[in-house]
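Inside the fold
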Amino acid sequence: MTFVNDETITPHVKAFQSLGVDEQLALFWFVYKAMGSSVTPAAPGAGTASDEIAEGLFNQVKAKSQEEQLQIQRDLVERKSTTIDREYGSLGDTTKLLFWYLLAQGMEHGTIIPMPFDYKLSSEAEDVLNQIKGLEFNQQITFFRDIVGPMGAEAAGGAEI
Ligand code: 45D
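Read on for a plain summary of the structure. Note that this is a predicted model, so its numbers are computed, not measured.

The next point concerns the overall build of the protein chain. Looking only at helices and strands, one finds eight helices and zero strands in the protein chain. Ordered by position from N to C terminus, the α and β elements of the protein chain give α-α-α-α-α-α-α-α. Of all 161 residues assigned to the protein chain, the portion counted as buried reaches 42%. Put simply, of all contacts in the protein chain between residues at least 6 apart along the chain, 83% involve residues at least 24 apart. Total accessible area computed for the protein chain in this model is approximately 8700 Å², and 53% of it derives from carbon and sulfur atoms.

Right, here's the structure in full:
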């Protein structure tokens with residue numbers, strides 16, 4: 001496993017976080033698309049506690065209207081203190097990643113609000129996308145963890161799962 005120096009990732013994380021909410025969501029989507037099949041949970045449905053928790057939270061989002069689904073994702077990015085954001089905040093970073101992965105899959109399967117088909121990234125977001133594409137796989141994973149970690153809200157005294 002390659003040693004990943006966090007300092008190489010920090011500028012990319014900062015660049016990502018400096019974008020507007022919708023741009024962050026859109027960029028995250030394009031990154032997911034760019035990764036293609038290189039990311040798949042090792043054993044989908046393996047049934048660990050954290051898998052079930054990610055799925056449980058995902059199912060809550062899936063049950064909402066498309067508008068609410070979008071609002072929930074915007075709230076996560078903006079770190080609002082909603083119920084879902086606090087539940088999200090109690091997850092460990094890998095579980096958070098899995099949750100976003102499930103959302104992206106839901107977008108592909110038509111159960112989560114899709115990207116508008118004509119959505120164009122700003123040139124700033126395009127730059128960040130290219131930076132991320134240029135990272136090695138391990139660095140990309142570190143980048144994702146750093147992005148999804150601080151999203152949502154602080155869990156009220158709960159330990160991370
Ligand atoms: O109308 O160790 C806009 C695991 C505009 C396994 C919009 C893993 C307006 C264990 C806002 C754009 C697999 C977990 C609409 C590791 C508008 C493990 C909507 C790795 C509709 C390492 C935008 C997992 C929307 C990884 C809805 C690396 C955007 C997972 C939504 C990576 C974007 C997951 C979403 C990634 C993006 C998920 C949901 C990159 C999700 C990206």
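Back to the write-up after that little detour.
This part covers the site of the ligand. In the vicinity of the ligand, 25 residues are found, and the nearest of them are Asp22, Gln73, Met107, Pro114 and Phe144. Protein contacts shield 87% of the accessible area of the ligand, which totals 980 Å² for the unbound molecule. Residue assignment for the shell around the ligand shows that the elements contributing at least two residues are helix H2 (21-35), helix H4 (66-78), helix H6 (93-109) and helix H8 (137-148). Counting residues per element, the shell around the ligand draws most heavily on H6, which supplies seven residues. Considering only residue class, the shell around the ligand consists of 21 nonpolar, two polar and two charged.

What follows concerns the environment of Phe144. Relative to the assigned elements, Phe144 resides in helix H8. Take Phe144: its relative accessible area is 6%, and that puts it in the buried class.

Once that is clear, we can look at the environment of Lys133. Considering the arrangement of structural elements, one finds Lys133 in helix H7 (residues 123-133). A sequence separation of 102 residues divides Lys133 from Val31, and the C-alpha atoms of the two residues are 7.6 Å apart. Setting aside anything within four residues of it in sequence, one finds Lys133 in contact with Ala34 and Gln140.

In terms of nonpolar packing, the biggest core is built from 46 residues, with Phe16, Leu27, Tyr88, Phe99, Trp100 and Phe143 touching the most fellow members. Those elements that provide at least two residues to this core are helix H1 (6-17), H2, helix H3 (49-62), H4, helix H5 (83-89), H6, H7 and H8.

Let's shift gears to H3. Between its terminal C-alpha atoms H3 stretches 20 Å, which fits the 20 Å expected from 14 residues at 1.5 Å a residue. Those residues of H3 not exposed but buried are Asp51, Ala54, Leu57, Phe58 and Val61. One face of H3 carries all of its buried residues, which in axial projection span an arc of 135°. The exposed set on the far side of H3, more than 90 degrees from its buried face, consists of Ala49 and Glu52.

The subject of this paragraph is H7. Among the residues making up H7, those that are buried are Ala125, Val128, Leu129 and Ile132. Looking down the long axis of H7, one finds its buried residues gathered within 105° of arc, a one-sided arrangement.

Rules behind the numbers
- Residues numbered from 1 in each chain as written.
- Predicted model: local features only at pLDDT ≥ 70, side-chain atom pairs only at ≥ 80, totals over all residues.
- Heavy atoms only, no water.
- Helix = DSSP H or I, 4+ residues; strand = E, 2+ residues; numbered from the N terminus.
- Buried < 20%, exposed > 50% of the residue type's maximum accessible area, 1.4 Å probe, protein only.
- Contact = heavy atoms within 4.5 Å.
- Areas by Shrake-Rupley, 256 points an atom, 1.4 Å probe, with all protein chains shown as cover.
- Near = heavy atom within 4 Å.
- Nonpolar A, V, L, I, M, F, W, Y, C, P; charged D, E, K, R; others polar.
- Core = buried A, V, L, I, M, F, W, Y, C linked by side-chain atoms within 4.5 Å.
- Expected span 1.5 Å × (residues − 1).
- Arc of directions from axis to C-beta.

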